[in-house]
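Commentary on secondary and tertiary structure
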Amino acid sequence: MMLHVTGIARNQMVFTSLEDSIFEDNLVCFIGAFVENIDLKALGFELRTPKTEGRPSFDTKIFLKIYLYGYLNGPPAAQSLLTLR
């Protein structure tokens, strides 16, 4: 009979990063490189300085990456989300 909780063996633990599981030719990598290398101010994006109080805001580039990924994947992805209700 065991009186305490035991952990798993250390040799069974595997630490990976998200980047390690995404291939270099994936659309996500292209979008990330594209957005990181364009001048957002020249395209008309307004980059605001963060407020000192409250939770810090996300970088504008993150929202652009999400938008482009959704746009390039097309409406079927959004329609499939609606059917999950």
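Refer to the preceding data block for the structure.
As a starting point, this report considers the structure included with it.

Considerations on the overall build of the protein chain
Along the backbone of the protein chain there are 3 helices and 0 strands. Shown N-terminal to C-terminal, the secondary structure of the protein chain runs as helices and strands in the order α-α-α. Counting over 85 residues, the protein chain shows a buried share of 9%. Carbon and sulfur atoms make up 61% of the accessible area of the protein chain, which amounts to about 8,400 Å² in all.

Quick word on helix α1 (residues 27-36)
What sets the pattern is the α-helix's 3.6 residues per turn: residues three or four places apart point alike. Of the residues making up α1, those classed as buried are I31, G32 and V35. All buried residues of α1 lie within an arc of 100° about the axis, which places them on one face of the element. If you follow the buried residues of α1, they end up packed against α2 (60-73). For α1, the N-terminal cap is N26; the gap from its side-chain oxygen to the backbone nitrogen of V28 is 3.0 Å.

Quick notes on the packing of aromatic side chains
The description of an aromatic ring pair uses the distance of the two centres, along with the angle that the planes make with each other. Tallied over the entire structure, the rule returns 2 aromatic pairs. An angle of 20° between the planes, with centres 6.2 Å apart, marks the rings of F30 and F34 as stacked. Here F30 pairs with F34, and both are found in helix α1, just 4 residues apart, close to one helical turn. The exposure class assigned to F34 is partly exposed, which follows from its relative accessible area of 39%. With a centroid separation of 6.4 Å and 15° between ring planes, the pair formed by Y67 and Y71 is classed as stacked. Of this pair, Y67 and Y71 both sit in helix α2, 4 residues apart, roughly one helical turn.

Regarding α2
For α2, built from 14 residues, the straight-helix expectation of 20 Å at 1.5 Å per residue is met to within 8% by its first-to-last C-alpha distance of 20 Å. Among the residues of α2, those classed as buried are K61, L64 and L68. The buried residues of α2 occupy one face: seen down the axis, they fall within an arc of 55°. Of the residues in α2, the exposed ones pointing more than 90 degrees away from the buried face are I66 and Y67. Buried positions along α2 lie against α1.

The rules we used
- Residues numbered from 1 in each chain as written.
- Predicted model: local features only at pLDDT ≥ 70, side-chain atom pairs only at ≥ 80, totals over all residues.
- Heavy atoms only, no water.
- Helix = DSSP H or I, 4+ residues; strand = E, 2+ residues; numbered from the N terminus.
- Buried < 20%, exposed > 50% of the residue type's maximum accessible area, 1.4 Å probe, protein only.
- Areas by Shrake-Rupley, 256 points an atom, 1.4 Å probe, with all protein chains shown as cover.
- Arc of directions from axis to C-beta.
- Contact = heavy atoms within 4.5 Å.
- Polar contact = N/O pair within 3.5 Å; in protein donor to acceptor, adjacent residues only side chain to side chain.
- Phe/Tyr/Trp six-rings, centres within 6.5 Å; stacked < 30°, edge-to-face > 60°.
- Expected span 1.5 Å × (residues − 1).

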